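Coordinate inspection notes
Each chain, letter by letter, is given below.
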Amino acid sequence: MTQKTKVALAREGDVNARESIYRKYYGDVYRYCVYRCGDMHLGEDLAQETFLRLYRYKDISESDVSGKAYIMKVACNVCNNHASSYVPTAPLDRTARSDDVPLLTPEQESVRYAIASL
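Throughout what follows, the structure given in this document is the object of discussion. (Residues numbered from 1 in each chain as written. Predicted model: local features only at pLDDT ≥ 70, side-chain atom pairs only at ≥ 80, totals over all residues. Heavy atoms only, no water.)

A look at helix α5 (residues 106–117)
Test applied: Helix and strand assignments come from DSSP, with helices taken as H or I runs of at least 4 residues and strands as E runs of at least 2, each series counted from the N terminus. Expected span of a helix: the number of residues minus one, times 1.5 Å. Using a 1.4 Å probe on the protein chains alone, a residue whose accessible area is under 20% of its type maximum counts as buried, one over 50% counts as exposed, and one in between counts as partly exposed.
Relative to the 16 Å expected for 12 residues at 1.5 Å per residue, α5 spans 16 Å between its end C-alpha atoms, a close match to the ideal helical length. Here α5 lies mainly on the outside; zero of its 12 residues are buried.

A closer look at helix α4 (residues 68–85)
Over its 18 residues, α4 runs 26 Å from end to end, which matches the ideal 26 Å to within 8%, given 1.5 Å per residue. Where α4 is concerned, the buried positions are Tyr 70, Ile 71, Val 74, Ala 75, Cys 76, Val 78 and Cys 79.

Considerations on the environment of Val 74
What counts is decided by this rule: Every residue pair with non-hydrogen atoms within 4.5 Å of one another is taken to be in contact.
Take Val 74: it is sitting in helix α4. The class of Val 74 is buried, set by a relative accessible area of 10%. For the pair formed by Val 74 and Ala 47, sequence separation is 27 residues and the distance between their alpha carbons is 9.7 Å. Excluding anything up to four places from it in sequence, Val 74 contacts Thr 50, Arg 53 and Leu 54.

Examining the pattern of salt bridges
Defined as follows: Salt bridges are defined by distance alone: a side-chain nitrogen of Lys or Arg within 4 Å of a carboxyl oxygen of Asp or Glu.
All chains considered together, the criterion is met by five salt bridges. One salt bridge connects Glu 19 with Arg 23, and the closest N-O pair in it is separated by 2.9 Å. You can see Glu 19 and its partner Arg 23 sitting in helix α2 (residues 15–37), four residues apart, about one turn around the helix. Exposure remark for Arg 23: the relative accessible area of 64% places this residue in the exposed category. Arg 31 serves as the salt-bridge partner of Asp 28, at 2.6 Å between the closest nitrogen and oxygen. One end of the pair, Asp 28, and the other, Arg 31, are both in helix α2, three residues apart, so they sit about a helical turn from each other. You can call Arg 31 exposed: its relative accessible area is 51%.

In structure tokens:
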């Protein structure tokens, strides 16, 4: 059975084909995802998402599926989607005090109230 056929069977719901593909390619997909995101735990999540997407979308024609190249392309897309939605957070500044925040003047507060009431 060719890899192309296994991927097609996996998309149809064949558990043995899914397990075979997962065992064969998980290591490569995981290493790629860790390389792209730089975090082992996030790489594991992205690798899992790759296989979920591989099995979820059935509208791709048989000619588009070519084994490892297709699976790695799905992994690439998963990593790209994560990177485009990722917003890094800065650690909190523990030295900032609440009195450092300037208060609004009465005029500014009235403008803010007027805008909020619109």
